[in-house]
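Residue-level structural notes
This is what each chain is made of:
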Amino acid sequence: MAVDPLFAQWLQADSDNVVRTDNAATARWGASALTTERVTGIANFAAATVEADREVAFFSRGPFAVDLHTVVGTDWQNDLGHVVTFISDQLGYDGGVDVFVTGVEMDQATGITIVTVLRPLRGVA
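In this report, we go over the structure that sits alongside the text. All of these numbers come straight from a predicted model, not from anything done at the bench.

**A short note on the packing of aromatic side chains**
Two aromatic rings are characterised by how far apart their centres lie and by the angle between their planes. Overall, the coordinates contain 3 aromatic pairs when judged by the stated rule. Ring centres 5.2 Å apart and planes at 25 degrees place the aromatic pair Phe 58 and Phe 64 in the stacked group. Look at Phe 64 and you get partly exposed, because its relative accessible area is 26%. An aromatic cluster of at least three residues, connected via ring pairs, comprises Phe 58, Phe 64 and Phe 100.

This is how it looks when you write it as structure tokens:
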């Protein structure tokens, strides 16, 4: 199978970097603050900046709880490693909660997926 030459060139190109920091989170967490790096297929600098800002805003709200949800459907793979708004009547998600998807275990035979997420703990300043 042939690969489109322009697409192949894009895949081989050096990546662009977007760096974002949150001074409030750094002050809050001090030496235990984390530095993360993600490589994505986002091809647009503006879109990458928006996603980086979303992730900084999310992770500055820690500490987090780890929740597992069994959901109908197998279309969660693209959400892995992203902040998504999860709406469910389980665990108080009925109003919608922004979570970070850390795991997706799909069962194609049953159409069921176990989604593992990080959820900010409520009431923690």
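Structure shown, so let's carry the discussion forward.
**Some details on the nonpolar core**
With 11 residues, the main nonpolar core is built from Val 71, Trp 76, Val 84, Phe 86, Tyr 93, Val 97, Val 99, Val 101, Val 104, Val 115 and Val 117. Only strand S2 (83-86), strand S3 (97-107) and strand S4 (112-120) provide two or more residues apiece to this core. The greatest single-element share of this core, amounting to 4 residues, is contributed by S3. Other than its neighbours up to four places away in sequence, Val 101 contacts Asp 79, Leu 80, Gly 81, His 82, Val 84, Val 115, Thr 116 and Val 117.

**Observations concerning the environment of Val 72**
Locating Val 72 in the fold gives a position in strand S1 (residues 64-72). Under the relative-accessibility criterion, Val 72 is labelled exposed at 74%. Val 72 sits 41 residues away from Thr 113 along the chain, and the two C-alpha atoms are 6.3 Å apart. Contacts of Val 72, omitting those with residues within four sequence positions, involve Gly 111 and Ile 112.

**Describing the sheet that holds S4**
Sheet architecture is open: 4 strands sit in the order S1-S4-S3-S2, paired in antiparallel fashion. Of all strands in the sheet, those with a lone pairing partner are S1 and S2, marking the two edges. The average angle at which neighbouring strand axes cross in this sheet is 45 degrees, direction not considered. Taken together, the 4 bridges between S2 and S3 define a ladder with antiparallel strand orientation.

Rules and cut-offs
- Residue numbers restart at each chain and count upward from 1, following the sequence in its written direction.
- Since the coordinates come from a predicted model, pLDDT governs what is reported: local features require at least 70, and pairs of side-chain atoms require 80 or more to be given and counted, while whole-chain, interface and lining totals use all residues.
- Calculation of side-chain values draws on the structure's entire complement of heavy atoms; hydrogens and water are dropped beforehand.
- Ring geometry is summarised as follows: Phe, Tyr and Trp rings, the Trp one being its six-membered ring, pair when their centres sit within 6.5 Å, and such pairs are stacked at plane angles under 30 degrees, edge-to-face over 60 and tilted between the two.
- Summary of the burial criterion: residues with accessible area below 20% of their type's maximum are buried, those above 50% are exposed, and those between are partly exposed, where the area comes from a 1.4 Å probe applied to protein chains only.
- Put simply, a nonpolar core is a bunch of buried Ala, Val, Leu, Ile, Met, Phe, Trp, Tyr and Cys residues held in one set by side-chain atoms that sit within 4.5 Å of each other.
- Under the DSSP-based scheme used, a helix requires at least four consecutive residues in state H or I and a strand at least two consecutive residues in state E, with every element numbered from the N terminus.
- Note on contacts: a residue pair is in contact if any heavy atoms of the two residues lie within 4.5 Å.
- Being paired, for any two strands, means DSSP has found at least two bridges between them.
- Note on method: axes are straight lines fitted to C-alpha atoms, helices fitted across the in-contact stretch only, with angles between N-to-C directions ranging 0 to 180 degrees.

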